[in-house]
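What follows is each chain in one-letter form.
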Amino acid sequence: MTSSAPLALYGGTFDPVHAAHVAAARAVAAALGGPVHLLPNAVPPHRPQPYASPAQRLAMLQLAAADAPELKVDDWELRQPGPSYTLATLEHFRQHIGPERPLVWVVGADSFASLHHWHRWQHYPALCHLAVLPRPGAAAADPAVAAAFTSADAAALRGQPAGLRLMLTAPCLEHSSTAIRTALAAGQRHPGLDAGVADFIYREGLYNARHLPTLDRNSQDSHD
Ligand SMILES: Nc1ncnc2c1ncn2[C@@H]1O[C@H](COP(=O)(O)OP(=O)(O)OP(=O)(O)O)[C@@H](O)[C@H]1O
Ligand SMILES: O=C(O)c1ccc[n+]([C@@H]2O[C@H](COP(=O)([O-])O)[C@@H](O)[C@H]2O)c1
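What you see is a predicted model; the values in this text were computed from it and never measured. (Residues numbered from 1 in each chain as written. Chains lettered and ligands numbered in written order. Predicted model: local features only at pLDDT ≥ 70, side-chain atom pairs only at ≥ 80, totals over all residues.)

Here we look at the environment of Gly 163
Step number 1: In this fold, Gly 163 is placed in the loop between helix 6 (154-159) and strand 7 (164-167).
Step number 2: Take Gly 163: there are 19 C-beta atoms within 10 Å of it, and that puts it in the partly exposed class.
Step number 3: Each C-alpha atom, one on Gly 163 and one on Trp 105, is 11 Å from the other, the two residues being 58 residues apart in sequence.
Step number 4: Beyond its immediate stretch of four places on either side in the chain, Gly 163 contacts Pro 125, His 129, Phe 149 and Thr 150. (Helix = DSSP H or I, 4+ residues; strand = E, 2+ residues; numbered from the N terminus. Buried ≥ 20, exposed ≤ 12 C-beta atoms within 10 Å, placed from the backbone. Contact = placed C-beta atoms within 7 Å.)

Structure follows, in structure tokens:
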């Protein structure tokens, strides 16, 4: 039986970070009673390279997490060469914290559903627990992945180093970075975007973001 607070790692592309990411991380921190490290990847293994640079994604995460002391922004993956395989990250953090302390990898339900495609995922249960957040429209997980991590409550995750999964039921938010990039390029607001992050995006000229017009675009058009 182990007693120290779990270390939770929330990996993502965060291009850009949005309100569902922050709400998910805060929910995990509250459930586990420990910090959640937000870990932007350098080279996503299973998708195209992000639009924003590593430094820009890191800066946006720092802005979004500024008011949440339980969230820590961690640039470890950004400093590693090559594809950001989660296995390498888990091995690094497991070695860093030792064999006893619980280590938790945080994912949305859509990532959980594709985990059987991740690089050597079969090694994960010996290294970490999973915390899974609901996400609208996510498919069911592969049975082999579900079976590899025994479903358990937060207290059980705090009591052993690895091998369990915590299925959170909230928050369940629709936001996605894709929808935010699309809205910004069309000159629209998006409710999932933090105001400070939005200012940063405009200043940096990211995502072809068009500054919001002073007048409502529809009423302007009706006078044309
Ligand atoms: N709305 C959401 N609800 C729950 N989990 C989410 C949500 N959005 C992202 N996640 C999870 O956060 C992690 C990082 O996601 P990512 O940075 O790719 O955001 P995204 O919104 O899915 O981005 P994109 O639209 O560019 O694919 C993944 O584990 C993903 O499943
Ligand atoms: O290791 C892998 O094979 C692997 C495959 C897909 C995704 N990941 C990681 O999972 C996290 C979420 O990925 P994404 O693409 O939804 O941002 C992020 O940290 C990725 O580096 C890792």
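Next, the rest of the story.
Considerations on unusual backbone geometry
Step number 1: Here the bond from Asp 15 into Pro 16 is cis, since omega is 5°, no more than 30 degrees from zero.
Step number 2: Here Pro 16 shows up in the loop between strand 1 (7-12) and helix 1 (19-32).
Step number 3: For the bond from Ala 170 to Pro 171, the omega torsion is 0°, close enough to zero to count as cis.
Step number 4: Along the chain, Pro 171 falls in the loop between strand 7 and helix 7 (177-185).
Step number 5: One non-glycine residue, Phe 14, lies in positive phi territory at about 50°.
Step number 6: Its place among the elements puts Phe 14 in the loop between strand 1 and helix 1.
Step number 7: Phi at Tyr 207 takes a positive value of approximately 60°, unusual for a residue other than glycine.
Step number 8: Tracing the backbone through its elements, the reader meets Tyr 207 in the loop between helix 8 (195-204) and helix 9 (217-222).

Here's the deal with the pairing of strand 2 (residues 36-40)
Along any regular strand, the residues point their side chains to alternate faces of the sheet.
Step number 1: Among the 5 residues that make up strand 2, 4 are buried, leaving the element largely enclosed by the rest of the structure.
Step number 2: Crossover connection from strand 1 via helix 1 to parallel strand 2: handedness right-handed.
Step number 3: Looking at chain direction, strand 2 and strand 3 (residues 71-73) are connected through 3 bridges and run parallel. Bridging from a neighbouring strand, His 37 pairs with Lys 72 of strand 3.
Step number 4: Traced from strand 2 through helix 2 (residues 54-64) to strand 3, the parallel crossover comes out right-handed. (Right-handed = clockwise from strand over helix to strand, strands pointing away. Pairing = 2+ DSSP bridges.)

As for the site of ligand 2
Step number 1: Taken together, 15 residues lie near ligand 2, and Gly 11, Thr 13, Asn 41, Trp 118 and His 119 sit nearest.
Step number 2: Residue assignment for the shell around ligand 2 shows that the elements contributing at least two residues are strand 1 and helix 3 (86-97).
Step number 3: Broken down by class, the residue content of the shell around ligand 2 amounts to 5 nonpolar, 9 polar and 1 charged. (Near = placed C-beta within 6 Å. Nonpolar A, V, L, I, M, F, W, Y, C, P; charged D, E, K, R; others polar.)

Examining the site of ligand 1
Step number 1: Near ligand 1 there are 18 residues, and of these Gly 12, Ala 20, Gly 108, Ser 177 and Thr 178 occur at the shortest range.
Step number 2: Those elements that provide at least two residues to the shell around ligand 1 are helix 1, strand 4 (103-108), helix 4 (109-114) and helix 7.
Step number 3: For the shell around ligand 1, the element with the highest residue contribution is helix 1, accounting for 3 residues.
Step number 4: Class assignment of the residues belonging to the shell around ligand 1 gives a composition of 6 nonpolar, 9 polar and 3 charged.

With respect to the domain arrangement of the chain
Step number 1: Here the domain parsing of the chain yields domain 1 (7-167) and domain 2 (177-210).
Step number 2: Between the C-alpha centres of domain 1 and domain 2 there is a distance of 24 Å.
Step number 3: Contacts between domain 1 and domain 2 engage 13 residues on the former and 13 residues on the latter.
Step number 4: For the side of domain 1 that touches domain 2, the leading source of residues is helix 2, giving 5 residues. (Domains from an automatic or database assignment.)

A short note on the UniProt feature "domain: Cytidyltransferase-like" (unreviewed entry) in the chain
Step number 1: In the numbering adopted here, UniProt assigns the feature "domain: Cytidyltransferase-like" (unreviewed entry) to residues 9-182.
Step number 2: Strand forms 17% of residues 9-182 and helix 35%; the C-alpha atoms that close the span are 28 Å apart. (UniProt positions renumbered as here; feature names shortened; annotations may be inferred.)

Some words on the sheet that holds strand 5 (residues 129-133)
Step number 1: On the basis of which strands lie adjacent, the open sheet formed by 7 strands has the order 3-2-1-4-5-7-6 and parallel pairing. Looking along the sheet, the strands with just one partner apiece sit at the ends: strand 3 and strand 6 (150-151).
Step number 2: Examined bridge by bridge, strand 1 and strand 2 share 5 bridges and lie parallel to one another. Across the sheet, residue Ala 8 finds its bridge partner in strand 2, namely Val 36.
Step number 3: Contacting strand 1, strand 2, strand 3, strand 4, strand 5 and strand 7, helix 1 crosses the sheet at an angle of about 145° to strand 4.
Step number 4: Taken strand by strand, helix 2 contacts strand 2 and strand 3, and its axis lies near 155° from that of strand 2. (Axes fitted to C-alpha atoms, helices over the stretch in contact; angles between N-to-C directions.)

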